[in-house]
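Results of the structural survey
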Amino acid sequence: MAAIRDIITHVEVETAMHKRICHRNRRQHSVQMGQKCLAVHDHDGGRKNYCLPCALEILTKAKTKLLTLEHEIQN
């Protein structure tokens, strides 16, 4: 049987090895060395980092969208 496809391949949680900016709010948010952050990789090999409060909002929005898609496919 074929493997189940993973459609969320470009997002992961990383621990910052150095200070990073938060791409949602560059001027007020940052990720300090040693902190966890959400890393979103693009097709060109780039990466955007998001601090924990912003990451949680992004993941909540994604969860809502996935639940909506699941509901649509089941009905």
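Structural data are supplied above this passage.
The following paragraphs examine the structure supplied in this document. Because the structure is a prediction, the values reported are computed rather than measured. (Residues numbered from 1 in each chain as written. Predicted model: local features only at pLDDT ≥ 70, side-chain atom pairs only at ≥ 80, totals over all residues. Heavy atoms only, no water.)

1. Considerations on the overall build of the chain
Put simply, the test is: Numbering of helices and strands runs from the N terminus, with a helix taken as a DSSP run of H or I at least four residues long and a strand as a DSSP run of E at least two residues long. Buried means the residue's accessible area, taken with a 1.4 Å probe over protein chains only, is under 20% of the maximum for its type, while exposed means over 50%, and partly exposed covers the values in between. By the convention used here, residues are in contact when the closest approach between their heavy atoms is within 4.5 Å. To measure how exposed things are, a 1.4 Å probe is used in the Shrake-Rupley method; for residues, cover is taken only from the protein chains shown. Positive charges are assigned to Lys and Arg, negative charges to Asp and Glu, while His and the chain termini are left out of the count. Here the site of a charge means atom NZ of a Lys, CZ of an Arg, CG of an Asp or CD of a Glu.
For the chain, the count of helices and strands is one helix and five strands. C-alpha atoms of the chain, sized along the principal axes, occupy 45 × 25 × 20 Å. Residues counted as buried form 17% of the 75 residues belonging to the chain. For the chain, the share of sequence-separated contacts (at least 6 apart) that also reach a separation of at least 24 residues comes to 38%. Only carbon and sulfur atoms are counted for the fraction: they give 56% of the accessible area of the chain, which is about 6,500 Å². The distance from the centre of the 12 positive side-chain charges to the centre of the 8 negative ones in the chain is 9 Å.

2. Overview of the layout of surface pockets
Heads up, the condition is: The rule is simple: put a 1 Å grid over the protein atoms alone, call a set of points where a 1.4 Å probe fits but cannot get out a cavity, call an open set with protein on both sides within 12 Å along at least five of seven lines a pocket, and count a residue as lining if it has an atom within 4 Å of a point. Grid points are joined across faces, edges and corners, and a volume is the space filled by probe spheres set on the points. Gly is placed with the polar residues, together with every amino acid not listed as nonpolar (Ala, Val, Leu, Ile, Met, Phe, Trp, Tyr, Cys and Pro) or charged (Asp, Glu, Lys and Arg).
The volume enclosed by the largest pocket comes to roughly 340 Å³. Around the largest pocket, the lining comprises 14 residues; the ones closest to its centre are Ile-8, Ala-62, Lys-63, Lys-65 and Leu-66. For the lining of the largest pocket, the element with the highest residue contribution is helix H1 (residues 52-74), accounting for eight residues. Of the residues in the lining of the largest pocket, the class split is ten nonpolar, one polar and three charged.

3. Looking at the sheet that holds strand S5 (residues 47-50)
What counts, and what does not: A pair of strands is labelled paired if DSSP reports no fewer than 2 bridges between them. Fitted lines through C-alpha atoms give the axes, limited to the stretch in contact for helices. The angle between two N-to-C directions lies from 0 to 180 degrees.
Ordered by their spatial adjacency, three strands build an open sheet running S1-S4-S5, and the pairing between neighbours is antiparallel. In this open sheet, the two strands that pair with only one neighbour each are strand S1 (11-15) and S5. Averaged over all pairs of adjacent strands, the angle between their axes in this sheet comes to 35°, without regard to strand direction.

4. Description of the nonpolar core
Spelled out, the test is: The definition of a nonpolar core used throughout is a set of buried Ala, Val, Leu, Ile, Met, Phe, Trp, Tyr and Cys residues joined through side-chain atoms within 4.5 Å.
If you look at the biggest cluster of nonpolar residues, it comprises nine residues: Ala-16, Cys-22, Val-31, Cys-37, Leu-38, Tyr-50, Cys-51, Cys-54 and Ala-55. Beyond its immediate sequence surroundings of up to four residues, Cys-22 is in contact with His-29, Ser-30, Asn-49, Tyr-50, Cys-51 and Cys-54.

5. A closer look at the pairing of strand S4 (residues 36-41)
Of the pairings in the sheet, the one linking S1 to S4 comprises five bridges and is antiparallel in character. Following the sheet pairing, Thr-15 is matched in S4 by Lys-36. As paired elements, S4 and S5 share four bridges and run antiparallel to each other. In the strand pairing of S5, His-41 is matched with Arg-47. Between S4 and S5, which pair antiparallel one after the other, the connecting turn spans five residues, and Gly-45 there sits at a positive phi close to 95°.

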